[in-house]
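# Descriptive structure summary
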Amino acid sequence: MMTHYFMTTQNKPLRKRRMIATAIALSFSGLALAAVGNEIPKLSAEGYKIERVLQELPMPKISDKQLGSSYWYDEEVQTGDNLTLVLKRLGVSENSIQNFLKESPIDTKMLQLRAGQIISARVDSTGNVTDVQFFSDDDNGERNLVAIGKINGKWSLNIDDIDTETMPSLRSVVVGTSSTGSLAQAGVPVEIRTNLREIFSDKFDLDELKQGDRISILYESLYFRGQEIATGNILAAEITTSGKTYYGYYFDHGDSGGNFYDEYGESLKKGFDGQPIESFTRISSPYGIRLHPVLKTIKMHTGIDYAAPAGTKILAPSDGVVSFSGWKGGYGNTIMLTHENGMETLYGHMSAYISGVNVGKRVKAGDVIGLVGSTGRSTGPHLHYEVRINGQHVNPATVALPTPKLAAEDLAALKKYQQKTNETMAAVRGLPVMVSQRD
Ligand SMILES: [Zn+2]
């Protein structure tokens, strides 16, 4: 299938794009898969194939009819926000909000919103909201996509079809006053920025990039009803600073997750010293998005689940300080540790605490910090291992587990993947001026 990606200039957010003057079309036959199973198909180096790198697209024809129809609006949740405040900022009429809150099939007071998350609303030509969608935090390591729509004048849950698509997003920016600001303006979501900073943290500090430095990044995006609703892994990144270019490539090791390697196949980040658990039977749920075609649900799992018998030892995977110990909603008995760089790890559903492992206590990598259980909202004994950096969830595998060395055959696969990725990145590098839109 042919997939079109629109690159934005570094100072124009994609979400507010009005007209595309120049566009680059890329096709990734192995990547642009409509998700039909229980989860997003795994990407492998073999499946990553570029059919066409560059194609001129004609100017899109915009008819009066299209301009008059509905459009999606995105709004970022601020600290202390609630749904009403967000909808007001979105320009939703007071009438419409009251109507929505009154007729909504879900208890809007129960919804957990998180600062930084995006709420999308579809607004019709008369300013009335017809659809709202966002992730509601279940407080047990899962988020559920809430999609509500007005059908025949009544608000109802309207995921009647899991019409999703996974596509890679390519962004390239020249750093202006700050790398974070430049990436944000290019439409790179906060979780991708957070992960990017962390995977290169052994090499340089992303926040200290200077004006004129370059960042190119390729990452997975999940679209639902034409809206980017979630991101997956960073697939590749290329950063030029102080005359040196650093490369990072994602290599998937299976259910336990993937890691980043440089152009020579060396681990980009050392990662943590050990596993968070003494032993486990299997990874019962990896990090990321789950699509359930029968129940018609879209869930985000914010950690890695390790199935293990109750009583199995939970270990500190790295040195840290206990920052939380106690009951935590759906997570049940929980321990949290704070590590360097503001990284925080969470261990949920424990059956028992370890005496002396209290808030403020320093722990060493390998210390026992709890025992596996099934407390809180849980279906069986397992450890839910979660990582947050400045409040943002990231895939533990990429930053907070040991980075395995690549076997010879893996190295060969990585080389192939690297070659394909470089061709894609070259399309960006080769552009003398990136003018992709016009106001
Ligand atoms: Zn979990």
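Scroll up to find the structure.
These remarks concern the structure in this document. (Residues numbered from 1 in each chain as written. Predicted model: local features only at pLDDT ≥ 70, side-chain atom pairs only at ≥ 80, totals over all residues. Heavy atoms only, no water.)

## Overview of the pattern of salt bridges
Counting across every chain of the model gives nine salt bridges. Here D81 makes a salt bridge to R89, at a shortest N to O gap of 2.7 Å. Taking relative accessible area as the criterion, D81 reaches 16% and is therefore assigned buried. On the basis of relative accessibility, which here comes to 37%, the residue R89 falls in the partly exposed class. A salt bridge links E142 to K299, with the shortest nitrogen-to-oxygen separation between them at 3.6 Å. Separated by 157 residues along the polypeptide, E142 in strand β8 (residues 142-151) and K299 in strand β17 (residues 297-301) bring together distant segments of the chain. Judged by its relative accessible area of 26%, E142 falls in the partly exposed class. Judged by its relative accessible area of 25%, K299 falls in the partly exposed class. In the salt-bridge network here, residues are joined through shared partners; they are E75, D81 and R89. (Salt bridge = Lys/Arg side-chain N within 4 Å of Asp/Glu carboxyl O. Buried < 20%, exposed > 50% of the residue type's maximum accessible area, 1.4 Å probe, protein only. Helix = DSSP H or I, 4+ residues; strand = E, 2+ residues; numbered from the N terminus.)

## Observations regarding the pairing of strand β11 (residues 214-224)
Looking along a regular strand, one sees the side chains alternate between the two faces of the sheet. Of all eleven residues in β11, ten are buried, a share of seventy percent or more. Alignment of strand β10 (residues 164-174) against β11, held across eleven bridges, turns out to be antiparallel. Residue pairing across strands places L170 opposite L218, the latter belonging to β11. Looking at chain direction, β11 and strand β12 (residues 227-241) are connected through ten bridges and run antiparallel. Across the sheet, residue L218 finds its bridge partner in β12, namely A236. Connecting the antiparallel pair β11 and β12 is a turn made up of two residues, with R225 showing a positive phi of about 50°. (Pairing = 2+ DSSP bridges.)

## Observations regarding the coordination of the zinc ion
Bound to the zinc ion are the protein donor atoms H301 (NE2), D305 (OD), D305 (OD) and H384 (ND1), situated 2.1 to 2.8 Å from the metal. The coordination sphere of the zinc ion comprises four donor atoms, whose angles at the metal cover 51 to 148°; the geometry is irregular. The sequence pattern formed by the donor residues of the zinc ion is H-x3-D-x78-H. (Donors = N, O, S within 2.8 Å, 3.2 Å for Na, K, Ca; no water. Tetrahedral: all angles 85-135°; square planar, octahedral: opposite > 155°, others 65-115°.)

## Quick notes on the sheet that holds strand β23 (residues 352-353)
On the basis of which strands lie adjacent, the open sheet formed by three strands has the order β19-β25-β23 and antiparallel pairing. With one partner strand each, in any of the chains shown, β19 (313-315) and β23 form the two edges of the open sheet. In the sheet, β23 pairs with strand β25 (residues 368-371) via two bridges, with the strands oriented antiparallel. What sits directly across from A352, in β25, is L371.

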